[in-house]
Amino acid sequence: IVILMPHLTVTKSIVGRIAKKVGDLIHYSIVALNDGKVPLSNVVIVDGNVDGPSLSCTPTIPATRLAVGSSITCTATHTVTEGDMTAGHVDNTAAASSTETGEVPSNQTIQPLAALPETGARTGVLVELGALLLALGTGALLFGRRRRTA
């Protein structure tokens, strides 16, 4: 006896760069693959963390029938909030479901945020301080040489 089992794999990945500040967009790709042995019905992908109606899928969801080996690919965006930056990450989970499988979570759970300091102000002060120390050191070296030869 051969039992044909349904199976759905959901993969969520980041497209592009890591977010660095409030207002940056994180772009996602979400793929639901029917890697089971039977067609699936009423397949949907959900992601509660996307911006409004930015979830766009091909084929459109709900997919009334997803053949074995076929997939649904969705793209979406999330705008980084102050709360995301305070937490240091974005909850980055998606899920897909079908009548046959129930809900299946995606593989990725969090998106780290690279909080970087603003460039310019601190760097400028350090460069100026380094230049001043270099000039003082050069002056001391030249003054020391003159005293020895005199």
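Residues numbered from 1 in each chain as written. Predicted model: local features only at pLDDT ≥ 70, side-chain atom pairs only at ≥ 80, totals over all residues. Heavy atoms only, no water.

### Things to note about the overall build of the protein chain
For clarity, the cut-off: A run of H or I in DSSP becomes a helix once it reaches four residues, and a run of E becomes a strand once it reaches two; helices and strands are each numbered from the N terminus. Only protein chains enter the accessibility calculation, which uses a 1.4 Å probe. A residue is then buried if its area is under 20% of the maximum for its type, exposed if over 50%, and partly exposed in between. Contacts are assigned to residue pairs that have any heavy atoms within 4.5 Å of one another. Accessibility throughout is a Shrake-Rupley quantity obtained with a 1.4 Å probe, and a residue counts as covered only by protein chains that appear here.
Assigned secondary structure in the protein chain consists of two helices and 10 strands. Counting over 150 residues, the protein chain shows a buried share of 27%. Put simply, of all contacts in the protein chain between residues at least 6 apart along the chain, 64% involve residues at least 24 apart. In the structure as shown, the protein chain presents an accessible area of about 9700 Å², 62% of it carried by carbon and sulfur atoms.

### A word on the sheet that holds strand β3 (residues 40-46)
As a reminder, the rule being used: In this analysis, strands are considered paired if DSSP registers two or more bridges between them. Each axis is a line fitted through C-alpha atoms, and for a helix only the stretch in contact is used; angles between axes span 0 to 180 degrees, taken between their N-to-C directions.
The four strands are arranged β5-β3-β8-β9 in an open sheet whose pairing can be described as antiparallel. Pairing within the sheet leaves two strands with one partner each, and these edge strands are β5 (63-66) and β9 (102-105). Shown here is a sheet whose adjacent strand axes are inclined to one another by a mean of 35 degrees, direction ignored.

### Observations regarding the sheet that holds strand β6 (residues 71-79)
Strand order across the open sheet formed by four strands is β1-β2-β6-β4, with antiparallel pairing between neighbours. Taken across any chain shown, the strands that pair with only one partner, and hence form the sheet edges, are β1 (8-15) and β4 (56-58). Averaged over all neighbouring strand pairs, the angle between strand axes comes to 20 degrees, with direction disregarded. Here nine bridges tie strand β2 (residues 25-34) to β6, and the two strands are oriented antiparallel to one another. Opposite Leu 33, over in β6, you have Ser 71 as the bridge partner.

### Brief notes about the state of the cysteines
The bond known as a disulfide is covalent and runs between the sulfur atoms of two cysteines. Put simply, the test is: Here, a disulfide means two cysteine sulfur atoms that sit within 2.5 Å of each other.
Evaluated as defined, the whole model comprises one disulfide. Disulfide pairing places Cys 57 opposite Cys 74 at an S-S distance of 2.0 Å. Across the disulfide from Cys 57 to Cys 74, rotation about the S-S bond amounts to roughly 105 degrees, and the bridge is consequently right-handed. Of the two residues, Cys 57 is situated in strand β4 and Cys 74 in strand β6; the sequence distance between them amounts to 17 residues.

### Section: the side chain of Asn 34
This is how it is decided: Pairs of N or O atoms are called polar contacts if they sit within 3.5 Å, as long as, within protein, a hydrogen donor faces a hydrogen acceptor (for residues adjacent in sequence, only side-chain-to-side-chain pairs).
Examined against the element boundaries, Asn 34 turns out to sit in strand β2. Of the residues examined, Asn 34 reaches a relative accessible area of 0% and is grouped as buried. A polar contact of 3.0 Å, which involves the side chain of Asn 34, links it to the backbone oxygen of Val 38. Reaching out from Asn 34, the side chain makes a polar contact with the backbone oxygen of Leu 66 at a distance of 2.9 Å. Contacts of Asn 34, omitting those with residues within four sequence positions, involve His 7, Leu 8, Pro 39, Leu 40, Leu 66, Ala 67, Val 68, Gly 69 and Ser 70.

### Some details on a nonpolar patch on the surface
Our working rule: Surface patches are defined over residues having more than 30% relative accessible area and no salt bridge, joining like charges when they lie within 9 Å and nonpolar side chains (Val, Leu, Ile, Met, Phe, Trp, Tyr) when within 5 Å. Counted as salt bridges are all cases of a side-chain nitrogen of Lys or Arg within 4 Å of a carboxyl oxygen of Asp or Glu.
Together, Ile 1, Ile 3 and Met 5 give the surface a local cluster of nonpolar side chains, amounting to about 440 Å² of exposed area. Tracing the backbone shows Met 5 in the segment before β1.

### Quick word on unusual backbone geometry
Thr 58 connects to Pro 59 through a cis peptide bond whose omega is -10 degrees. With respect to the helices, strands and loops of the structure, Pro 59 is situated in the loop between β4 and β5.

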